[in-house]
Each structure stands twice: as structure tokens, then as C-alpha cells.
Amino acid sequence: MNPLNHVAIIMDGNGRWGLKHKNSRNAGHKAGLQTVEKIIKETIKNKIGYLTLYAFSTENWKRPKKEVNYLFNLLENFLINRIEELSKQNIKLKIIGVKKFSNKLNKIITHSEKKTSKNNKLQINLALNYGSKFELISAFKKLSKNNESINETNFEKYLQTKNIPDPDLIIRTGNTNRLSNFLLWQLAYSEIFFEKKLWPDFSIKDYNRIIKSFKKIKRNFGSI
Ligand code: FPP
């Protein structure tokens, strides 16, 4: 049985779910947040140390302003309303991505990260304004500026995921089989599960089914 220490998730399908059920993409994001809550609980139950959630990519800025504003409001309210409880559950929150948000959100993020920084049951990495290509180029630039020798250890110091183990398992919901500029370096040896269901329909049962399958995979890491 494979140990499972880090799950990463591309929570795709909110927009389609919202249009189908409520004629509104934003309603899908709201429903998606409920799935996030369920998955956090189940991740703790499964004693998994890290959960990385792709909440907003650098490309998502291309969406209509109304949707972008809705998503950021949802995130803000999630952090304002839930951070106390998450902290009580010994959860550490870390934002990965370029932290260029409104002053209000920047303050909420700083507060949330500081408040939970000593927690150690589960670390949630929320990818916000995250793009893997940008992360990689920034890391290369820092490496070359500091004139350091080019190797994996030096390079990884400059990634947003510094000190975070690579994901063992990546799940993408929403019936789309691509990585969408998410953790391209870190997923080099992760097991990839593409799930047909849209994120708001993704259940605890689905999550545990994938975890069970993951645990049975023979992971070679290039060996035999
Ligand atoms: C992708 O689905 C989903 C997003 C861009 C946003 C994810 C946000 C949430 C689940 C809610 C907030 C989360 C937290 C952690 C507070 P899509 O809109 O691209 O779906 P589509 O492919 O059907 O259009």
C-alpha cells in the first residue's frame, strides 16, 4: 500500500454545473465551495498531510469581471468565516501563487497564514493567482541572479512549494484530461486521476474510491 501524504486537486466543472442546475456559473462556484469543505474533512479523516487546491489560475483573469469578483468574494468570505475553525482543527493554510490582490484580501491572507502557521495536522495550499510556467521562470531567474549552480535542490528553494513534498496524487474533476499550468515540476511522478464528475458533484465516496485505487498502484519512480 502506497503512503499518501499529499493530494492536489484541479476542481474543474463548477461553471458547467452551475449553468446546468441554476442557469448561473457563479452558483456552480458556490456549490463547489461545499465540496471543498467536505473534501477537507475527509482529507483529515484519511490522515493526509497536505492538500493543494487550484482555486484561481493566472489565466482565470480572462473570465468576465462579474465571475472573477464573485470568486474572490467567495474566497474572502471563506477565509473570514472559516479560518478560526480551520485553525482550531490544527490546519495550516498557505497561499501559493503571486500575492497581488486587493488590500483587503492581502490583509485577510496575511492574517490567515499567520494565525495557522504553527498548525501541523493538515496543510492546505490554496493556489490563487497561480501559474506553473510563471513559477518556473521566476525560480530560474532567482537561481541565475544569485549565480548558484543549477541543480534540483537549489532550484526547488525558489518554488512556491518550497519545503512542501511533491503531490503523490493529483485529481482533476470535470471530464477534462489536462494539467492547465498546474504544478508542472512538482507533478513529475504523481499519479494522475481524471474524474468525469463535475466538482460540485464529486463526493466523499468518489474521493475514497480514488484514494483506494491510488494505494494499490505500483509506483516505480523510474525503477522496475
Ligand atoms: C474551475 O471550474 C473552478 C474554478 C476556477 C474555481 C474553483 C473555486 C471553488 C471550488 C470555490 C472556492 C474555493 C475555495 C477553496 C474557497 P470552471 O469554472 O472552470 O468550470 P467549467 O469548466 O465548467 O467552466
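Structural data are supplied above this passage.
Quick look at the structure, then.

What counts and how
- Residues numbered from 1 in each chain as written.
- Predicted model: local features only at pLDDT ≥ 70, side-chain atom pairs only at ≥ 80, totals over all residues.
- Heavy atoms only, no water.
- Helix = DSSP H or I, 4+ residues; strand = E, 2+ residues; numbered from the N terminus.
- Rg over C-alpha atoms; globule rule 2.2 N^0.38 Å.
- Buried < 20%, exposed > 50% of the residue type's maximum accessible area, 1.4 Å probe, protein only.
- Areas by Shrake-Rupley, 256 points an atom, 1.4 Å probe, with all protein chains shown as cover.
- Near = heavy atom within 4 Å.
- Polar contact = N/O pair within 3.5 Å; in protein donor to acceptor, adjacent residues only side chain to side chain.
- Nonpolar A, V, L, I, M, F, W, Y, C, P; charged D, E, K, R; others polar.
- Axes fitted to C-alpha atoms, helices over the stretch in contact; angles between N-to-C directions.
- Parallel < 35°, antiparallel > 145°, perpendicular 65-115°, else oblique.
- Left-handed = near helix turned anticlockwise from the far one by under 90°.
- Contact = heavy atoms within 4.5 Å.
- Core = buried A, V, L, I, M, F, W, Y, C linked by side-chain atoms within 4.5 Å.
- Pairing = 2+ DSSP bridges.
- Arc of directions from axis to C-beta.
- Salt bridge = Lys/Arg side-chain N within 4 Å of Asp/Glu carboxyl O.

A word on the overall build of the protein chain
Right, so step 1: When its secondary structure is counted, the protein chain shows seven helices and six strands.
Right, so step 2: Its helices and strands taken in sequence order, the protein chain reads β-α-α-β-α-β-α-β-α-α-β-β-α from the N to the C terminus.
Right, so step 3: The globule rule puts the C-alpha radius of gyration for 224 residues at 17 Å, and the 17 Å found for the protein chain is close to it.
Right, so step 4: Evaluated residue by residue, the protein chain yields a buried proportion of 50% over its 224 residues.
Right, so step 5: Of the accessible surface of the protein chain, which amounts to about 12,400 Å², a share of 52% is contributed by carbon and sulfur atoms.

So, the site of the ligand
Right, so step 1: Taken together, 20 residues form the shell around the ligand, and within it Asp12, Gly15, Arg16, Arg25 and Arg63 come nearest.
Right, so step 2: Within the backbone of asparagine 14, an N or O atom sits 3.2 Å from an oxygen atom of the ligand.
Right, so step 3: Interatomic distance of 2.9 Å between a side-chain N/O atom of arginine 25 and an oxygen atom of the ligand.
Right, so step 4: Among the elements of the structure, helix 1 (14–22), helix 2 (25–45) and helix 3 (65–88) are those that each provide at least two residues to the shell around the ligand.
Right, so step 5: With five residues, the top contributor of residues to the shell around the ligand is helix 2.
Right, so step 6: In terms of residue class, the shell around the ligand is made up of 10 nonpolar, six polar and four charged.

Topic: the packing of helix 3 against helix 4 (residues 103–116)
Right, so step 1: Orientation of helix 3 relative to helix 4, taken along the N-to-C sense of each, is 20°, at an axis distance of 10 Å. Classified by the angle between their axes, helix 3 and helix 4 sit roughly parallel to one another. Our pair here, helix 3 against helix 4, has a crossing hand that is left-handed. For the pair formed by helix 3 and helix 4, the contact residues are Phe72, Glu76, Leu79, Ile80, Ile83, Glu84 and Ser87 on the first element and Lys104, Leu105, Ile108, Ile109, His111, Ser112, Lys115 and Thr116 on the second.

Some thoughts on the nonpolar core
Right, so step 1: Ranked by internal contacts, the top residues of the largest apolar core, which has 41 residues, are Val7, Ile9, Ile40, Leu51, Leu128, Leu169 and Tyr207.
Right, so step 2: With eight residues, the single largest contributor to this core is helix 3.
Right, so step 3: What isoleucine 9 contacts, discounting residues up to four positions off in sequence, is Ile39, Leu51, Thr52, Leu53, Tyr54, Ile171, Phe182, Trp199 and Tyr207.
Right, so step 4: Counting 10 residues, the second largest nonpolar core, distinct from the first, contains Ile10, Phe182, Leu183 and Leu187.

Some words on the pairing of strand 4 (residues 122–130)
Right, so step 1: Among the nine residues that make up strand 4, nine are buried, leaving the element largely enclosed by the rest of the structure.
Right, so step 2: Pairing of strand 2 (residues 50–57) with strand 4 involves seven bridges; the strand directions are parallel. If you follow tyrosine 54 over to strand 4, its bridge partner there is alanine 127.
Right, so step 3: Inspection of the sheet shows strand 3 (residues 91–96) paired to strand 4 by six bridges, in the parallel sense. Bridge pairing links lysine 92 to glutamine 123 in strand 4.

Some thoughts on helix 1
Spacing of three or four residues puts side chains on the same side of an α-helix, whose turn is 3.6 residues.
Right, so step 1: Looking at helix 1, one finds that the buried residues are Asn14, Gly15, Trp17 and Gly18. The buried residues of helix 1 occupy an angular sector of 160° when the element is viewed end-on, so they sit on one face.
Right, so step 2: Of the surrounding elements, those touching the buried residues of helix 1 are helix 2.
Right, so step 3: In the stretch just after helix 1, asparagine 23 is the one whose phi turns positive, near 55°.

Let's talk about the sheet that holds strand 4
Sheet strands line up and pair through hydrogen bonds in the backbone, either parallel or antiparallel.
Right, so step 1: In spatial order, the strands read 3-4-2-1-5-6; together these six strands make up an open sheet with parallel pairing. Each end of this open sheet is capped by a strand with a single partner; those strands are strand 3 and strand 6 (191–194). Mean inter-strand twist for the sheet, computed between neighbouring axes without regard to direction, equals 20°.
Right, so step 2: Summarising the sheet, strand 1 (residues 6–10) and strand 5 (residues 169–172) pair through four bridges and their orientation is parallel.

Digging into the pattern of salt bridges
Between side chains of opposite charge, a pair can form when the charged atoms approach closely.
Right, so step 1: One pass over the structure, following the stated rule, counts 15 salt bridges.
Right, so step 2: Where glutamate 42 meets lysine 45, a salt bridge forms, and the shortest distance between an N and an O atom there is 3.9 Å. Placement of both glutamate 42 and lysine 45 in helix 2 is noted, with a separation of three residues, approximately one turn of the helix.
Right, so step 3: Here the residues in one salt-bridge network are Glu195, Lys197, Asp206 and Arg209, joined through shared partners.

Some details on unusual backbone geometry
Right, so step 1: Positive phi values are uncommon outside glycine, yet asparagine 90 reaches one of about 65°.
Right, so step 2: Topologically, asparagine 90 is positioned in the loop between helix 3 and strand 3.
Right, so step 3: Judged by its relative accessible area of 27%, asparagine 90 is partly exposed.

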